Amino acid sequence: GGGGGGQEGEEGVGVSAALEEAGRRLAMHVVAAKPAFLDEAHAPPALMARERALAEEAASGKPDKVRVNMVEGRLRKALQDVALLRQPHVVEEGGPAVGAHLEALARSLGLEAVEVTGFVRMAVGEEQADDAAGEGGAEEEDEGGEEARQ
């Protein structure tokens, strides 16, 4: 962590370096945790419908309040497994949810927000839907569209 005082230019460099490091660490998380999509808004509707149907089936016969809680809990768990912003951050100490970690990072840097607007994960030997060249390339990902707003 940096010291206090300093000129605004130095602070900008510090913020930029902190965001670059956060991006690197997020890229390592994407490699390890293999998220399928960014968040629930980007979840395939068929997946969410299937998860909801499985949860409803498991909770059938329960009182309404219990059933609703079971279904919501199961959906939350499903998202935690595959939605990037819901996953426990495997690189950060204590494993905070990625989204919560980015909110804390923004606060610590004095920014309004640090957002991930998308990501691409590629691995050797895996097919890429938008890979026009047909080359898999090295296992690498782009934290894609990480933005900071003041």
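Everything quoted here is computed from the prediction, not taken from an experiment.

Novice: Kindly report on the overall build of the chain, identifying the contributing residues and their values.
Specialist: When you go through the chain residue by residue, the secondary structure sums to 4 helices and 4 strands. Reading the helices (α) and strands (β) of the chain from amino to carboxyl end gives α-α-α-α-β-β-β-β. Taken over 150 residues, the chain has a buried fraction of 28%. Considering only contacts within the chain whose residues lie at least 6 apart along the sequence, 59% involve residues at least 24 apart. Of the roughly 9400 Å² of accessible surface on the chain, a fraction of 51% belongs to carbon and sulfur atoms.

Novice: Which residues make up the nonpolar core, and what values go with them?
Specialist: Among the nonpolar cores identified, the biggest contains 15 residues, and L19, L84, L102, L105, L111, V114 and V116 are the most heavily contacted of them. Elements with a contribution of two residues or more to this core: α1 (8–33) and α4 (98–109). Tallying contributions element by element places α1 first for this core, with 5 residues. Each residue touching L105, except ones within four places of it in the same chain, is listed here: L19, A22 and V114.

Novice: Would you mind going over the side chain of Q87 in detail, with residue names and values included?
Specialist: For Q87, the location among the structural elements is in the loop between α3 (64–82) and α4. Within the structure, the side chain of Q87 is placed 2.8 Å from the side chain of H29, a separation counted as a polar contact. Of the polar contacts made by the side chain of Q87, one reaches the backbone oxygen of D81; its length is 3.1 Å. When sequence neighbours within four positions are dropped, the list of residues in contact with Q87 reads H29, A33, K34, P35, Q80, D81, V82, P96, A97 and V98.

Calculation notes
- Residues numbered from 1 in each chain as written.
- Predicted model: local features only at pLDDT ≥ 70, side-chain atom pairs only at ≥ 80, totals over all residues.
- Heavy atoms only, no water.
- Helix = DSSP H or I, 4+ residues; strand = E, 2+ residues; numbered from the N terminus.
- Buried < 20%, exposed > 50% of the residue type's maximum accessible area, 1.4 Å probe, protein only.
- Contact = heavy atoms within 4.5 Å.
- Areas by Shrake-Rupley, 256 points an atom, 1.4 Å probe, with all protein chains shown as cover.
- Core = buried A, V, L, I, M, F, W, Y, C linked by side-chain atoms within 4.5 Å.
- Polar contact = N/O pair within 3.5 Å; in protein donor to acceptor, adjacent residues only side chain to side chain.

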